[in-house]
Amino acid sequence: KAAMADACVEIVDTWIEKKWCVSAGIYDFGSGTGTVYAEKNQKCSTAEIEQVMQLWWDGASDQFHDEDKYRELLGKGFKIKLNGEEFLCLTRDAHSPEEDPRPDVEGCHTFHGRKGKRGVIVSHATYTVCIAIYDETAEPVGCMRPGNLQPPVQKTIEQFFATGY
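In short, a report on the structure. The structure presented is a predicted model; accordingly, all values stated were derived computationally and were not measured.

## Observations regarding the pattern of salt bridges
Line of reasoning, step 1. What the rule picks out here adds up to 9 salt bridges.
Line of reasoning, step 2. For arginine 71, the salt bridge goes to glutamate 67, with nearest N and O atoms at 3.1 Å. With a gap of 4 residues between them, arginine 71 and glutamate 67 both fall in helix H3 (residues 67-75), about one helical turn apart.
Line of reasoning, step 3. Salt-bridge contacts for arginine 92 lead to glutamate 67; the nearest nitrogen and oxygen are separated by 2.8 Å. Of the two residues, arginine 92 is situated in strand S4 (residues 85-95) and glutamate 67 in helix H3; the sequence distance between them amounts to 25 residues.
Line of reasoning, step 4. Under the relative-accessibility criterion, arginine 92 is labelled buried at 13%.
Line of reasoning, step 5. Here the salt bridges share partners, and the residues they tie into one network are Glu67, Arg71 and Arg92.

## Things to note about the sheet that holds strand S7 (residues 128-135)
Line of reasoning, step 1. Strand order in this open sheet of 7 strands is S2-S1-S7-S6-S5-S4-S3, and the pairing throughout is antiparallel. Two strands lie at the open edges of the sheet, namely strand S2 (36-40) and strand S3 (79-82), each paired on one side alone. Neighbour to neighbour, the strand axes of the sheet diverge by 25° on average, direction disregarded.
Line of reasoning, step 2. Across 4 bridges, strand S1 (residues 23-28) lies against S2 in antiparallel orientation.

Basis of the calculations
Numbering of residues starts from 1 in each chain and follows the order in which that chain's sequence is written. This being a predicted model, a pLDDT of at least 70 is required before a residue's local features are given, and a value of 80 or more before pairs of side-chain atoms are given or counted; all residues contribute to the totals for chains, interfaces and linings. Water and hydrogen atoms play no part in the side-chain values, which are based on all heavy atoms of the structure. What makes a salt bridge here is a side-chain nitrogen of Lys or Arg within 4 Å of a carboxyl oxygen of Asp or Glu, nothing more. Counting from the N terminus, the helices are DSSP H or I runs at least four residues long and the strands are E runs at least two residues long. Each residue's exposure class comes from its accessible area (1.4 Å probe, protein chains only) as a fraction of the maximum for that residue type: buried when under 20%, exposed when over 50%, partly exposed otherwise. Note on pairing: DSSP must find at least two bridges between two strands before they are called paired. Note on definitions: angles span 0 to 180 degrees between N-to-C directions of axes, and those axes are lines fitted to C-alpha atoms, for helices only across the stretch in contact.

In short, shape yes, function no, at least from these values alone.
Dropping the structure here:
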């Protein structure tokens, strides 16, 4: 886990240095350890991780939610709650053999939430979740957009999935 934490610190630092986000973290979920691999400019509690995890998993079943379960959750008014902010969940991208021919990304999902000019990208692999918050008004204006942030977060999660995290 030490090597994983070192790699995660470097990843989070890179996202922030490139001005893709104002804060980011990489966390364990579902194993009960509450491990924070890396975190910068945000503090996500175990309770917040568990709340966000509802987007893709109930914490007990042997599979992640399908699109219908996700839509049902949003229909009940679910919002992503992190660092005292609430974000409306806008999109869910599933990475599976049906949508992506690469077998190494089966079981990953990426979510985009937004509140005004601020937004969040949440992406998970088997046991790891990346959470990055962006602010479109941050300097330099125009750098922090979901289109700049989502690809590197998603790629990171795909790599974690391929290595069993």
